[in-house]
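Geometric and topological summary
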Amino acid sequence: GAEVVINGSSSPAVVDRSNESIKHNIQPASAKWRHNQTLSLRIRKQILKFLDAEKDISVLKGTLKPGDIIHYIFDRDSTMNVSQNLYDLLPRTSPLKNKHFQTCAIVGNSGVLLNSGCGQEIDTHSFVIRCNLAPVQEYARDVGLKTDLVTMNPSVIQRAFEDLVNATWREKLLQRLHSLNGSILWIPAFMARGGKERVEWVNELILKHRVNVRTAYPSLRLLHAVRGYWLTNKVHIKRPTTGLLMYTLATRFCNQIYLYGFWPFPLDQNQNPVKYHYYDSLKYGYTSQASPHTMPLEFKALKSLHEQGALKLTVGQCD
Ligand code: CTP
């Protein structure tokens, strides 16, 4: 069969912010996007050579014990101890064991979702993935409510919950966690040092208040495996974003994948300003200085997959 062409060029991700969004024109939702089943299956097979979402979505209880020492993936010289709480929250079996879904939504956090009216459509998918505990209630019309898996980088505790400085913030986080109501909470605990206390606070809160979530902590090899897969497709990503990690994992258990809220550009297709996040005042450009994400490069790869029918990107309004 034909090769999967994800990225025609290997040019570095130099971002010309002034007209980047023009180059990424995506056809309106009504235009002729069709799912390409053959291609999706081929991609799943290729990705399986690098990682298996069923395994790599979380470290399992049997593989670690309290007191074990782990080297952070991005800071190899720094280590952490597996605490009793973390151990208690490790799943015994993969939360994705034997899971298969007809359609999945992955909801990124771009402000392009505002006024999209996509909430209803997002909620119709069989499995909905969200990122970084992004709020839903106040934005339900545009982002929906259904949440089957939500990620939480430790930095979210600092950025969105004031590092739990007082009882009010602890209560806010607790309410958010309770609202997850049995979904999977995916915490990258082993990626970078600096998140150690924050992960421990969240673990403690979950145990103390018997919060009904299924915790998962991505495997130590996931990041390298994901990077490896994209590298072989000539997409040179230093540190995959949460959104790209979720897409890569989702290929394993979703037949059709729909992406919303992926738009790492300050202007939309009609040249109107777009917020970096739909729910806060973080500014665009923050990532390019502070972290090695190369979102526009990832976007280019996703857009190419959209054009080939392997996934569907929605960057405008839903019908
Ligand atoms: N995203 C996007 N365009 C934006 C913002 C986010 O495409 N303007 C996508 C990215 O794939 C991102 C995901 O939505 O990973 C979730 O957004 P965010 O919470 O900002 O993601 P992180 O990658 O975790 O970013 P950070 O490292 O800043 O925590």
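Source: prediction; values computed, not measured. (Residues numbered from 1 in each chain as written. Predicted model: local features only at pLDDT ≥ 70, side-chain atom pairs only at ≥ 80, totals over all residues. Heavy atoms only, no water.)

Description of the site of the ligand
Which entries qualify depends on this criterion: We call a residue near a molecule or strand when any one of its heavy atoms sits within 4 Å of it. For the purposes of these results, a polar contact is taken to be a pair of N or O atoms within 3.5 Å, where, inside protein, one atom must be able to donate a hydrogen and its partner to accept one; residues adjacent in sequence count only when each atom of the pair is a side-chain atom. Here the open area of atoms and residues is found with the Shrake-Rupley method and a 1.4 Å probe, where only the protein chains shown may cover a residue. When residue character is reported, Ala, Val, Leu, Ile, Met, Phe, Trp, Tyr, Cys and Pro are called nonpolar, Asp, Glu, Lys and Arg charged, and the others, Gly included, polar.
Around the ligand sit 18 residues in total, of which Asn132, Asn153, Thr242, Gly243 and His277 are the nearest. The side chain of Asn109 places a nitrogen or oxygen atom 2.9 Å from an oxygen atom of the ligand. Take His277: an N or O atom from its side chain is 2.5 Å from an oxygen atom of the ligand. Burial of the ligand by the protein chains amounts to 95% of its free accessible area of 570 Å². Across the shell around the ligand, the residue classes break down as seven nonpolar, eleven polar and no charged.

Some remarks on the pairing of strand 3 (residues 101–107)
To be explicit about the condition: Each residue gets one of three labels from its accessible area relative to the maximum for its type: buried under 20%, exposed over 50%, partly exposed in between, using a 1.4 Å probe on protein chains only. Helix and strand assignments follow DSSP, with helices taken as H or I runs no shorter than four residues and strands as E runs no shorter than two, numbered in order from the N terminus. Strand pairing follows a simple DSSP-based rule, namely that at least 2 bridges must link the two strands. Whether a crossover is right-handed depends on one test, that the path from the first strand over the helix to the second runs clockwise when the strands point away from the viewer.
With six of its seven residues buried, strand 3 lies for the most part within the structure. Where strand 3 and strand 8 (residues 254–260) come together, six bridges link them in parallel fashion. Paired with Cys104 across the bridge in strand 8 is Ile257. Two elements, strand 3 and strand 4 (residues 127–130), share four bridges in a ladder whose sense is parallel. Across the sheet, residue Cys104 finds its bridge partner in strand 4, namely Phe127. Remark: the strand 3/helix 5 (residues 119–124)/strand 4 crossover connection has right-handed handedness.

Structural notes on empty space enclosed by the protein
Here the idea is plain: a probe the size of a water molecule rolls over the atoms and shows the empty space left. Test applied: Definitions used for this entry: grid spacing 1 Å over protein atoms alone; cavity, a set of points where a 1.4 Å probe fits but cannot get out; pocket, an open set with protein on both sides within 12 Å along at least 5 of 7 lines; lining residue, one with an atom within 4 Å of a point. Grid points are joined across faces, edges and corners, and a volume is the space filled by probe spheres set on the points.
Following the criterion strictly, the structure yields four cavities of 30 Å³ or more and no others. Volume-wise, the largest cavity comes out at about 90 Å³. In terms of lining residues, the largest cavity is bounded by Gln37, Ser40, Leu41, Ile43, Arg44, Tyr247, Thr251, Cys254, Asn255, Ile257 and Ala310. Elements with a contribution of two residues or more to the lining of the largest cavity: helix 2 (37–48) and strand 8. For the lining of the largest cavity, the element with the most residues is helix 2, which contributes five residues. Looking at the lining of the largest cavity residue by residue, the classes come out as six nonpolar, four polar and one charged.

So, the state of the cysteines
Using the following cut-off: The disulfide definition used here is simple: a pair of cysteine sulfur atoms within 2.5 Å.
Enumeration over the complete set of coordinates arrives at two disulfides. Note on cysteine connectivity: Cys104 is disulfide-linked to Cys254, with sulfurs 1.9 Å apart. Its S-S torsion of about -85 degrees marks the bond between Cys104 and Cys254 as left-handed, since a negative value means left-handed. One end of the pair, Cys104, is in strand 3; the other, Cys254, is in strand 8, with 150 residues separating them in the sequence. Overall, Cys254 belongs to the buried group, its relative accessible area being 3%. Cys118 shares a disulfide with Cys318; S-S distance 2.0 Å. Across the disulfide from Cys118 to Cys318, rotation about the S-S bond amounts to roughly 95 degrees, and the bridge is consequently right-handed.

What to know about the packing of aromatic side chains
Here is the rule we go by: In this analysis, rings of Phe, Tyr and Trp, with Trp reduced to its six-membered ring, are considered paired at centre separations within 6.5 Å, and the interplanar angle assigns stacked below 30 degrees, edge-to-face beyond 60, and tilted for intermediate values.
Enumeration according to the criterion identifies twelve aromatic pairs in this entry. Look at Tyr139 and Tyr278: their rings are 5.2 Å apart centre to centre, the planes differ by 75 degrees, and that puts the pair in the edge-to-face class. Residue Tyr139 is found in the loop between strand 4 and helix 6 (140–143), and its partner Tyr278 is found in the loop between strand 8 and helix 12 (286–290); the two are separated by 139 residues along the sequence. For Tyr139, a relative accessible area of 22% gives the class partly exposed. Judged by relative accessible area, which is 1%, Tyr278 ranks as buried.

Description of the nonpolar core
Here is the rule: Among buried residues, the Ala, Val, Leu, Ile, Met, Phe, Trp, Tyr and Cys ones that are joined through side-chain atoms within 4.5 Å form a nonpolar core.
Ranked by internal contacts, the top residues of the largest apolar core, which has 49 residues, are Ile106, Phe127, Trp186, Trp230, Tyr247 and Leu259. Residue assignment for this core shows that the elements contributing at least two residues are helix 2, strand 3, strand 4, strand 6 (184–186), helix 10 (222–232), helix 11 (242–250), strand 8 and helix 13 (295–307). When residues in this core are grouped by element, the largest group, six residues, is from helix 11. In terms of nonpolar packing, the next biggest core, distinct from the first, is built from 31 residues, Val59, Tyr72, Val82 and Met152 among them.

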